[in-house]
Amino acid sequence: MKKILTYVLLMLLVIFPSCKISEKSSVYICDNDEYKSYLSDFYTKDEKVHFLCELWIYSDKAKTQTVELEAHSDEDYESGLIKTNHLIGYEKQKLEKVIQLEKGYNHVIVDFVGEFGGGDVKYDRLLPEITIKNITGSYKIEHFYINGNYTHKVSE
């Protein structure tokens, strides 16, 4: 029985050598010497807190992708700067929630907006934890920036 099973597995490998698990598109926020992403400013206006972030987002997808950005900042929530740790991203140039990404490196200034919590101090200049959601495809890419480290998750 083991011989037959081994033989069948070998035959499958010989017959289907070029089969691959489908790969998902890579979209991520760059943070290196050439493409540096950073928090450029923050301010309060009309009971809202605005975190202005200069982001370089890389996409390897051949077609234009439509994405939305969200962020979380537990530190700013705990300090009282924002009422909840959830922030919504808007492209600063167009004031739109959706962002179009072309293949390659995309420079985007994003205004992450949250409810003002009454505090007046931001204790660091780090980017908040950012999530990139692809809304044009059948999958979602979530990209997290947590404590200075990047990671991502791809899901259906």
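A. Geometry of unusual backbone geometry. In this model, D46 sits at a positive phi of 50°, which is unusual for a non-glycine residue. Considering the arrangement of structural elements, one finds D46 in the loop between β2 (38–45) and β3 (48–59). Backbone geometry places L95, a non-glycine residue, at a positive phi of 55°. Its place among the elements puts L95 in the loop between β5 (86–91) and β6 (98–101).

B. Up close: the pattern of salt bridges. All chains considered together, the criterion is met by four salt bridges. Across the pair K133 and E70 runs a salt bridge, and its minimum N-O distance is 3.5 Å. Linking K133 in strand β8 (residues 129–134) with E70 in strand β4 (residues 65–72), this pair joins segments that are 63 residues apart in sequence. The salt bridge involving D76 is made with K122; its shortest N-O contact spans 2.8 Å. One end of the pair, D76, is in helix α2 (residues 74–78); the other, K122, is in the loop between β7 (104–115) and β8, and 46 residues separate them in sequence. With a relative accessible area of 13%, K122 lands in the buried category.

C. Local environment of the environment of I57. Relative to the helices and strands, I57 resides in strand β3. On a C-alpha basis, the gap between I57 and Y105 in space is 5.8 Å, while along the polypeptide they are 48 residues apart. Residues in contact with I57, not counting those within four places in the same chain, are V27, Y28, I29, L69, L101, G104, Y105, N106 and I132.

D. Fine view of the side chain of S37. Position of S37 relative to the elements: it lies in the loop between β1 (27–29) and β2. We classify S37 as buried; its relative accessible area is 5%. Only 2.6 Å separates the side chain of S37 from the backbone oxygen of C30, close enough to count as a polar contact. A polar contact of 3.0 Å, which involves the side chain of S37, links it to the backbone nitrogen of W56.

Quick notes on the rules
- Residues numbered from 1 in each chain as written.
- Predicted model: local features only at pLDDT ≥ 70, side-chain atom pairs only at ≥ 80, totals over all residues.
- Heavy atoms only, no water.
- Helix = DSSP H or I, 4+ residues; strand = E, 2+ residues; numbered from the N terminus.
- Salt bridge = Lys/Arg side-chain N within 4 Å of Asp/Glu carboxyl O.
- Buried < 20%, exposed > 50% of the residue type's maximum accessible area, 1.4 Å probe, protein only.
- Contact = heavy atoms within 4.5 Å.
- Polar contact = N/O pair within 3.5 Å; in protein donor to acceptor, adjacent residues only side chain to side chain.

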